[in-house]
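The primary structure of each chain is shown beneath.
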Amino acid sequence: MENIKLSIDKAFGFVSKESVAAYKAEVAAACKTLHTGSGKGSEYLGWLNLPSSIDNEHLTDIENTAKILRDNCEVVVVVGIGGSYLGSKAVNDALSSSFDWLLADRKSPIMIHAGQNIGEDYLYELQELLKTKKFGIISISKSGTTTEPALAFRLLKTQLEEQQGKAAAQKLIVAITDKSRGALRTLATQEGYKTFVIEDSIGGRFSVLSPVGLLPIAVAGFDVRELVKGAAKMEEVCGQDAAFEENPAAQYAAVRNELYRKGKGIEILVNFHPKLHFFGEWWKQLYGESEGKENKGIFPAAVDFSADLHSMGQWIQEGERSIFETVISIKETNHTKIFPTSEDNLDGLNFLAGKPVDFVNKMAELGTMLAHVDGGVPNLRLELPRLNEYYLGQMIYFFEKACGISGYLLGVNPFDQPGVEAYKANMFALLEKPGFEAETKAIKARL
Ligand code: PA5
């Protein structure tokens with residue numbers, strides 16, 4: 001079977017082949033640091049060998065729990081923020097119909113997310129919608145204390161109990177949290193919810209292959225075994241003993257760091273298929289939270305082409321030359337649609353009639369790549385043979401492994417996120433949380 005494939009040759013007009021090859025020793029040292037657990041943040045390396053360590057019993061537990069929610073719910077609300085929501089949303093969107101929520105003949109519950117914002121209208125509208133729906137909740141929080149999901153869960157738990165009765169509601173709520181700490185663990189024990197553990201050693205943004213991602217993906221009807229199998233394959237391909245030249249995660253980490261050192265401070269993750277939009281959101285969190293610290297780090301952004309070619313495309317082509325792009329290219333689509341012929345040919349496009357739509361998309365991809373390279377935008381390309389669980393699993397592990405290596409090349413701790421606390425402290429001070437009296441006084445004096 002094929003693997004996903006990284007091409008970096010269209011970066012070589014901007015950085016030399018030799019300068020990337022020169023990372024060999026630095027990358028080997030970073031890999032060794034990861035695999036021996038001797039670097040910064042080494043307490044958070046539970047993701048590193050996760051795919052190959054997931055056993056059949058664990059997957060069966062996930063599938064059986066998913067079946068209960070699938071059999072009893074029209075809607076499943078996944079409550080979580082950041083790493084507790086982006087991974088499953090990315091995979092489910094990539095594998096679902098683009099019009100999933102409108103499908104009449106549904107085989108799986110509609111997946112909705114809450115707890116990723118504090119929008120009062122969002123929560124009101126969600127609760128109005130759920131009034132007429134049989135719904136269940138997957139509540140995900142590693143710390144069990146994050147304000148946004150805690151608020152959403154309070155509202156939804158009460159609603160579910162009112163609509164279904166407390167005993168039935170207990171069976172329709174699954175909690176995924178720390179094994180012993182936090183409010184969600186305490187509540188789950190009290191109420192007797194089915195629970196899954198987020199290991200201490202797995203940070204939120206590296207948790208998609210833990211129950212955090214696997215359960216919502218299984219509930220949506222996708223094959224978590226194939227996802228894990230794909231990730232395990234990439235774990236092998238990008239393993240400790242892989243040669244630098246053969247290891248795509250090592251190559252990606254090296255070339256993006258070299259581009260960064262040459263002044264390319266912005267990376268855009270590009271897709272040509274709109275169902276990959278949330279994969280870009282997942283990737284932004286992975287790289288943004290891992291590398292953006294100590295006043296350094298590539299700024300990760302994501303764009304959906306063709307749509308964004310008609311907005312951001314101008315900046316990318318001709319704006320400040322501080323940007324490079326990584327394109328996710330899908331070799332074969334899952335469906336076929338032929339460019340139609342038109343009798344009057346008013347748009348002059350009959351020369352394309354009979355060609356697959358994806359042929360046109362691929363020419364847009366190729367044309368864009370060449371235009372961007374001509375315009376000073378180095379191009380990296382990650383090709384997936386097709387969009388399915390197996391190759392998404394490969395892509396997830398590839399980006400995780402590359403992120404760990406890349407963070408060490410940059411010299412930061414890729415596994416903490418101290419900066420996320422700053423807004424929380426201010427918010428609690430402004431909300432006059434007990435214990436924050438001094439901060440409240442100080443912050444009010446600034447307003
Ligand atoms: O990557 C991370 O660790 C964060 O984005 C967390 O996932 C996010 O803050 C949610 O935290 P928690 O799962 O503790 O509610």
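Here's a quick rundown of the structure. None of these values were measured; they are calculated from a predicted model.

Cut-offs and rules
- Residue positions are given per chain, counted from 1 along the sequence in the order it is written.
- For a predicted model such as this one, the threshold for reporting local features is a pLDDT of at least 70, and the threshold for listing and counting side-chain atom pairs is 80 or more; totals across whole chains, interfaces and linings nevertheless cover every residue.
- Heavy atoms throughout the structure, all of them, feed into the side-chain values; hydrogens and water do not.
- The near set for a molecule or strand comprises every residue that places at least one heavy atom within 4 Å of it.
- Within 3.5 Å is the distance limit for a polar contact, defined as a pair of N or O atoms, with the added protein rule that one can donate a hydrogen and the other accept it, and that residues adjacent in sequence qualify only through two side-chain atoms.
- To be clear on the numbers: accessible area is Shrake-Rupley with a 1.4 Å probe, and residue cover counts the displayed protein chains and nothing else.
- Gly is placed with the polar residues, together with every amino acid not listed as nonpolar (Ala, Val, Leu, Ile, Met, Phe, Trp, Tyr, Cys and Pro) or charged (Asp, Glu, Lys and Arg).
- Two strands are said to pair when DSSP picks up at least two bridges between them.
- Strands here are runs of E lasting at least two residues and helices are runs of H or I lasting at least four, both read from the DSSP assignment and numbered beginning at the N terminus.
- Each axis is a line fitted through C-alpha atoms, and for a helix only the stretch in contact is used; angles between axes span 0 to 180 degrees, taken between their N-to-C directions.
- By definition in these notes, contact holds between two residues if any of their heavy atoms fall within 4.5 Å.
- Side-chain rings of Phe, Tyr and Trp (the six-membered ring for Trp) are treated as a pair once their centres are within 6.5 Å; stacked means planes under 30 degrees apart, edge-to-face means over 60, and tilted covers the remaining angles.
- Between buried and exposed lies partly exposed: a residue is buried under 20% and exposed over 50% of the maximum accessible area for its type, with that area taken using a 1.4 Å probe on protein chains only.
- Placement of a charge over a ring requires the Lys NZ or Arg CZ to be within 6 Å of the ring centre, with the centre-to-atom vector within 35 degrees of the ring normal.
- The definition of a nonpolar core used throughout is a set of buried Ala, Val, Leu, Ile, Met, Phe, Trp, Tyr and Cys residues joined through side-chain atoms within 4.5 Å.

Attention now moves to the site of the ligand. In the vicinity of the ligand lie 13 residues, with Ser84, Ser141, Ser143, Thr146 and Gln285 positioned nearest. The contact in question runs from an oxygen atom of the ligand to an N or O atom on the side chain of Ser141, over 2.6 Å. The contact in question runs from an oxygen atom of the ligand to an N or O atom on the side chain of Glu289, over 2.8 Å. Relative to its unbound accessible surface of 380 Å², the ligand loses 88% to contact with the protein. Classifying every residue of the shell around the ligand by side-chain character gives one nonpolar, nine polar and three charged.

Think of a sheet as strands paired side by side through backbone hydrogen bonds, with each pair either parallel or antiparallel. If you walk across this open sheet you meet the five strands as S3-S2-S4-S5-S6, and the pairing is parallel. Single-partner strands in this sheet number two, and they are strand S3 (110–114) and strand S6 (194–197). Across the sheet, the mean angle separating the axes of adjacent strands is 20° when strand polarity is ignored. Looking at chain direction, strand S2 (residues 75–79) and strand S4 (residues 135–141) are connected through five bridges and run parallel. Along S4, the bridge assignment pairs Val79 with Ser139. Relative to the sheet, helix H4 (residues 56–72) contacts S2, S4, strand S5 (173–177) and S6, its axis offset from that of S6 by approximately 145°. Of the strands in this sheet, S4, S5 and S6 touch helix H9 (residues 183–191), which is tilted by about 145° from S5.

Looking now at the sheet that holds strand S7 (residues 266–271). The five strands lie next to each other as S1-S10-S9-S7-S8, forming an open sheet whose pairing is mixed. The open sheet is flanked by strand S1 (5–7) and strand S8 (299–304), the only strands paired with a single partner. Ignoring strand direction, the axes of neighbouring strands in this sheet form an average angle of 20°. Here seven bridges tie strand S9 (residues 323–332) to strand S10 (residues 379–386), and the two strands are oriented parallel to one another. From the neighbouring strand, Glu332 faces S10, where its bridge partner is Arg386. Strand contacts of helix H15 (residues 357–374): S9 and S10, with the helix running at about 160° to S9, the strand carrying the most contacts. This element, helix H16 (residues 389–410), spans S1, S7, S9 and S10 of the sheet and lies at about 150° to S10.

Scanning the model with the defined rule gives 19 aromatic pairs in all. Seen from their ring centres, Trp47 and Phe415 are 6.0 Å apart, and the 40° between their planes marks the pair as tilted. Linking Trp47 in the loop between helix H2 (24–36) and helix H3 (50–53) with Phe415 in the loop between H16 and helix H17 (421–430), this pair joins segments that are 368 residues apart in sequence. For the pair shown, Trp47 and Phe415 are each scored as buried. Three or more aromatic residues joined by ring pairs make a cluster, and in this case those are Tyr252, Phe279, Trp282, Trp283, Tyr287, Phe398 and Phe399. Stacked on the ring of Phe428, the Lys or Arg Lys433 has its end atom at 4.1 Å from the ring centre.

So, about the nonpolar core. Counting 114 residues, the largest nonpolar core has Phe279, Trp282 and Phe399 as its most contacted members. In terms of residue count, the dominant contributor to this core is H16 (13 residues). Discounting chain neighbours no more than four positions away, the residues touching Trp282 are Leu86, Gly87, Ala90, Arg205, Val208, Ile396, Phe399 and Glu400. Among the nonpolar cores identified, the runner-up in size contains ten residues, and Phe272, Ala301, Val303 and Val327 belong to it.

Turning our eyes to something else, we now look at the side chain of Lys293. Its place among the elements puts Lys293 in the loop between helix H13 (277–291) and S8. The class for Lys293 is buried, based on a relative accessible area of 11%. A polar side-chain atom of Lys293 sits 3.3 Å from the main-chain carbonyl oxygen of Ser290. Side-chain polar atoms of Lys293 contact the backbone oxygen of Asp416, separated by 2.5 Å. Sequence-distant contacts of Lys293, defined by excluding residues within four places in its chain, comprise Arg205, Val412, Asn413, Pro414, Phe415, Asp416 and Gln417.

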